[in-house]
Amino acid sequence: MSDPSQRRIAILGGTGNVGRGLALRWANAGHAIMIGSRSVDKAAQAATQINAAVSRKAVVPSTYRDAATAGQIVVLTVPYAAQRATVEEVRDLLEGKILIDTTVPLIPPKVARVQLPAGGSAVAAIQEMLGPSVRVVSAFQNVPAHLLLDLEHDIDCDVLVCGDDVAARETVLELIAAIGLRGLHAGSIANSAATEALTSVLISINARYKVPGAGIRITGL
Ligand SMILES: NC(=O)c1ccc[n+]([C@@H]2O[C@H](COP(=O)([O-])OP(=O)(O)OC[C@H]3O[C@@H](n4cnc5c(N)ncnc54)[C@H](OP(=O)(O)O)[C@@H]3O)[C@@H](O)[C@H]2O)c1
């Protein structure tokens, strides 16, 4: 893949909390970002804000399909209810690419309770749907979006990265390091069930201890 310090990253759902946070951090790290949205006007507003924050034209607004066409790496940051339909919309454009899926299968209102879908993992289901020609990597499930959006502060947590292709995981670890976080190989895409479930555990901890963003750290390394 081309210059690893300057990737073209498409973020589908890039107007949302996680999507804007990742766009901001990667734009700040020197990458080129396409924000994909159902509304190009909405994407343009997000792009304008982020470009102002990083003082360069790093982000361009786009439709989902144009973003997925231009991106070397495609990132999915839409709600669980929209995950499959969004991937279906760009499926033919993902061949040979890495798809980073941040989805947590939260089903409101009981978001503090683990509710994994039949088959075990929302992200593993997408790898199953797409087949091996798209390398799906699961990441960022346990990073609170509001921390990604706050460029003034470092984020005190690890990012568990699951995927069947080790080289794809390695690429995602580089992108995580670029925004000052530590990514860790956390095994195959099936293990995404654990990281998706862990989010509800963290939401429970947030409520019990009255904190906005509990995270995880792996020790012993
Ligand atoms: N929030 C967190 O702290 C956090 C942390 C880790 C992982 N996650 C996961 O990351 C994903 C994104 O979370 P988020 O909090 O960033 O979500 P969000 O802000 O609610 O939405 C993200 C974007 O998804 C797009 N979208 C596409 N189809 C949609 C639909 N049917 N309904 C609503 N929005 C739709 C919207 O963009 P357009 O309107 O521009 O199309 C929206 O801006 C979720 O799967 C979540 O589980 C969240």
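Please refer to the structure placed before this passage.
Residues numbered from 1 in each chain as written. Predicted model: local features only at pLDDT ≥ 70, side-chain atom pairs only at ≥ 80, totals over all residues. Heavy atoms only, no water.

Looking at the ligand, there are 22 residues lining it, with Thr 15, Val 18, Ser 37, Lys 42 and Val 78 nearest. Lys 42 places a polar side-chain atom, nitrogen or oxygen, 2.5 Å from an oxygen atom of the ligand. Take Val 104: an N or O atom from its main chain is 3.2 Å from an oxygen atom of the ligand. Here the ligand has 880 Å² of accessible area as a free molecule, and 74% of this is covered by the chains. Cavity membership is defined here by more than half of the atoms lying within 2 Å of grid points; on that basis the ligand lies in the largest pocket. Elements with a contribution of two residues or more to the shell around the ligand: helix 1 (17-28) and helix 4 (80-90). When grouped by side-chain class, the residues that make up the shell around the ligand number 11 nonpolar, nine polar and two charged. (Near = heavy atom within 4 Å. Polar contact = N/O pair within 3.5 Å; in protein donor to acceptor, adjacent residues only side chain to side chain. Areas by Shrake-Rupley, 256 points an atom, 1.4 Å probe, with all protein chains shown as cover. 1 Å grid on protein atoms, 1.4 Å probe; cavity = no way out; pocket = protein on both sides within 12 Å on 5 of 7 lines; lining within 4 Å. Sits in = over half its atoms within 2 Å of the grid points. Helix = DSSP H or I, 4+ residues; strand = E, 2+ residues; numbered from the N terminus. Nonpolar A, V, L, I, M, F, W, Y, C, P; charged D, E, K, R; others polar.)

Turning to the side chain of Glu 196, a few remarks are in order. If you trace the backbone, Glu 196 turns up in helix 8 (residues 192-209). In this structure Glu 196 is buried but unpaired, with Arg 84 as the nearest side chain of opposite charge at 11 Å. Among the polar contacts made by the side chain of Glu 196, one reaches the side chain of Ser 121 at a distance of 2.7 Å. A polar side-chain atom of Glu 196 sits 2.7 Å from the main-chain amide nitrogen of Ala 122. Ignoring sequence-local partners within four residues, the contact set of Glu 196 consists of Thr 103, Val 104, Pro 105, Leu 116, Ser 121, Ala 122, Val 123 and Gln 141. (Buried < 20%, exposed > 50% of the residue type's maximum accessible area, 1.4 Å probe, protein only. Lys, Arg positive; Asp, Glu negative; His and termini not counted. Salt bridge = Lys/Arg side-chain N within 4 Å of Asp/Glu carboxyl O. Contact = heavy atoms within 4.5 Å.)

Another point: a nonpolar patch on the surface. Among the surface-exposed residues, Val 114, Leu 116, Val 201, Ile 205, Tyr 209 and Val 211 lie close enough to one another that they form a single nonpolar patch of about 480 Å² accessible area. Within the secondary structure, Ile 205 is located in helix 8. (Patch = residues over 30% accessible without salt bridge, like charges linked within 9 Å, V, L, I, M, F, W, Y side chains within 5 Å.)

This part takes up the environment of Gln 49. Here Gln 49 is to be found in helix 2 (residues 40-54). C-alpha separation for the pair Gln 49 and Arg 20, spaced 29 residues apart in sequence, amounts to 9.6 Å.

A few words now on the sheet that holds strand 6 (residues 135-138). Spatial strand order, 3-2-1-4-5-6-7-8: eight strands in an open sheet with mixed pairing. In this open sheet, the two strands that pair with only one neighbour each are strand 3 (59-63) and strand 8 (182-185). Ignoring strand direction, the axes of neighbouring strands in this sheet form an average angle of 25 degrees. Relative to strand 5 (residues 98-101), strand 4 (residues 73-76) runs parallel, the two being bridged by four bridges. (Pairing = 2+ DSSP bridges. Axes fitted to C-alpha atoms, helices over the stretch in contact; angles between N-to-C directions.)

A few words now on the packing of helix 1 against helix 2. Running from amino to carboxyl end, helix 1 crosses helix 2 at an angle of 35 degrees, the nearest separation of the two axes being 10 Å. For the pair helix 1 and helix 2, the sense of crossing is right-handed. Of the residues in helix 2, those in contact with Arg 20, Ala 23, Leu 24, Ala 27 and Asn 28 of helix 1 are Ala 46, Ile 50, Ala 53 and Val 54. Partitioned by chemical class, the residues of the contact of helix 1 with helix 2 number seven nonpolar, one polar and one charged. (Left-handed = near helix turned anticlockwise from the far one by under 90°.)

Let's shift gears to helix 2. For helix 2, with 15 residues, the first-to-last C-alpha span of 21 Å sits near the 21 Å given by 1.5 Å per residue. Along helix 2, the residues classified as buried are Ala 43, Ala 46, Ala 47, Ile 50, Asn 51 and Val 54. All buried residues of helix 2 lie within an arc of 135 degrees about the axis, which places them on one face of the element. In this structure, helix 2 carries Asp 41, Gln 45, Thr 48, Gln 49 and Ala 52 as exposed residues pointing more than 90 degrees from its buried face. Lining the buried residues of helix 2 we find helix 1, strand 2 (32-37) and strand 3. (Expected span 1.5 Å × (residues − 1). Arc of directions from axis to C-beta.)

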